[in-house]
Amino acid sequence: MMGRTLSIIKPDATTRNITGKVNTMIEDAGLKIIAQKLIRLTPSQAEEFYSEHKDKAFFTSLIDFMTSAPVVVQVLEGEDAVTRYRKIMGATNPAVAEEGTIRKTYALSIDKNTVHGSDSQESAKREVSFFFSETEICE
Ligand code: ADP
Ligand code: MG
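Residues numbered from 1 in each chain as written. Chains lettered and ligands numbered in written order. Predicted model: local features only at pLDDT ≥ 70, side-chain atom pairs only at ≥ 80, totals over all residues. Heavy atoms only, no water.

1. Here's the deal with the site of ligand 1
Part 1 of the reasoning: Around ligand 1 lies a shell formed by K10, H53, F58, L62, R86, T92, R103, I110, D111 and N113.
Part 2 of the reasoning: Contact between ligand 1 and K10: an oxygen atom at 2.9 Å from a side-chain N or O atom of the residue.
Part 3 of the reasoning: D111 is positioned such that a nitrogen or oxygen atom in its backbone is 3.2 Å from an oxygen atom of ligand 1.
Part 4 of the reasoning: For ligand 1, the protein covers 77% of the area, taking 530 Å² as the surface of the free molecule.
Part 5 of the reasoning: Residue classes in the shell around ligand 1 are distributed as 3 nonpolar, 3 polar and 4 charged. (Near = heavy atom within 4 Å. Polar contact = N/O pair within 3.5 Å; in protein donor to acceptor, adjacent residues only side chain to side chain. Areas by Shrake-Rupley, 256 points an atom, 1.4 Å probe, with all protein chains shown as cover. Nonpolar A, V, L, I, M, F, W, Y, C, P; charged D, E, K, R; others polar.)

2. Regarding helix α7 (residues 121-131)
Part 1 of the reasoning: Along α7, the residues that are buried comprise S123, A124, E127, V128 and F131. One face of α7 carries all of its buried residues, which in axial projection span an arc of 125 degrees. With respect to the buried face of α7, the exposed residues turned more than 90 degrees away are E122, K125 and S129.
Part 2 of the reasoning: Tucked into the core, α7 has its buried residues touching β1 (2-9), β2 (32-39), α3 (43-49), β3 (71-79), α5 (81-89) and β4 (115-117). (Buried < 20%, exposed > 50% of the residue type's maximum accessible area, 1.4 Å probe, protein only. Helix = DSSP H or I, 4+ residues; strand = E, 2+ residues; numbered from the N terminus. Arc of directions from axis to C-beta. Contact = heavy atoms within 4.5 Å.)

3. Quick look at the pattern of salt bridges
Part 1 of the reasoning: For the structure shown, the criterion picks out 6 salt bridges.
Part 2 of the reasoning: Across the salt bridge formed by E136 and K37, the nearest N and O atoms sit 3.1 Å from each other. Note that E136 is positioned in the segment after α7 and K37 in strand β2, a separation of 99 residues in sequence.
Part 3 of the reasoning: Close ionic contact of D111 with K112 constitutes a salt bridge, the shortest N to O distance being 3.9 Å.
Part 4 of the reasoning: Its relative accessible area of 35% is what places K112 among the partly exposed residues.
Part 5 of the reasoning: Several salt bridges share partner residues, and in doing so they unite R4, E134 and E139 into one network. (Salt bridge = Lys/Arg side-chain N within 4 Å of Asp/Glu carboxyl O.)

4. Describing the environment of I33
Part 1 of the reasoning: Note that I33 resides in strand β2.
Part 2 of the reasoning: Look at I33 and you get partly exposed, because its relative accessible area is 22%.
Part 3 of the reasoning: In sequence terms I33 and C138 are 105 residues apart; their C-alpha atoms lie 8.8 Å from each other.
Part 4 of the reasoning: For I33, the residues in contact, after removing those within four places along its chain, are N23, I26, E27, Q74, V75 and L76.

5. Here we look at the sheet that holds β3
Part 1 of the reasoning: Strand order in the open sheet formed by 4 strands is β2-β3-β1-β4, and the pairing between neighbours is antiparallel. Single-partner strands in this sheet number two, and they are β2 and β4. On average, adjacent strands in this sheet sit at an angle of 20 degrees to one another, irrespective of strand direction.
Part 2 of the reasoning: In this structure, β1 lies alongside β4, joined through 3 bridges in antiparallel fashion. Its bridge partner being in β4, S7 is matched across the sheet by G117. (Pairing = 2+ DSSP bridges. Axes fitted to C-alpha atoms, helices over the stretch in contact; angles between N-to-C directions.)

6. Quick notes on unusual backbone geometry
Part 1 of the reasoning: Its identity as a non-glycine residue notwithstanding, N17 has a phi of 65 degrees, on the positive side.
Part 2 of the reasoning: Tracing the chain through its elements places N17 in the loop between α1 (11-15) and α2 (19-28).
Part 3 of the reasoning: Its identity is not glycine, yet D80 carries a phi of approximately 45 degrees, on the positive side.
Part 4 of the reasoning: Secondary-structure assignment places D80 in the loop between β3 and α5.

Next up, the structure:
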């Protein structure tokens, strides 16, 4: 089934100037970028976006990291977009991510792990509309 997912290219990637390299891996995996913008998250935006993690020990450092430099937010479209993107992202911890995944290739650590991808259809719907209006998405 054709679907959409929300991707974020995180500050460790924008600061290393590798957003194009990440986009190449996304496109090579058969996902199409149908919306994309470079933004600087505010702390309150980052806290709301990651509210599911607010009680975790890493929450404050996650918010500090995600607001430390610009991020690229994007909508990806493709067959089973959510699960396809999670597969090519690789595991949260790059030390255990599969060869050939974005995180295995580019992530620096479990926190500076290069990309975000929605983890379910419901999250994808919420996260896409968090950053994009329907008129900004080009199919
Ligand atoms: P994922 O991004 O793979 O969906 P989670 O939703 O569990 O992973 O966590 C969100 C983000 O929080 C991770 O991508 C990572 O940047 C950060 N994070 C998760 N676990 C840790 C941890 N143990 N230590 C530091 N940062 C973490
Ligand atoms: Mg997650």
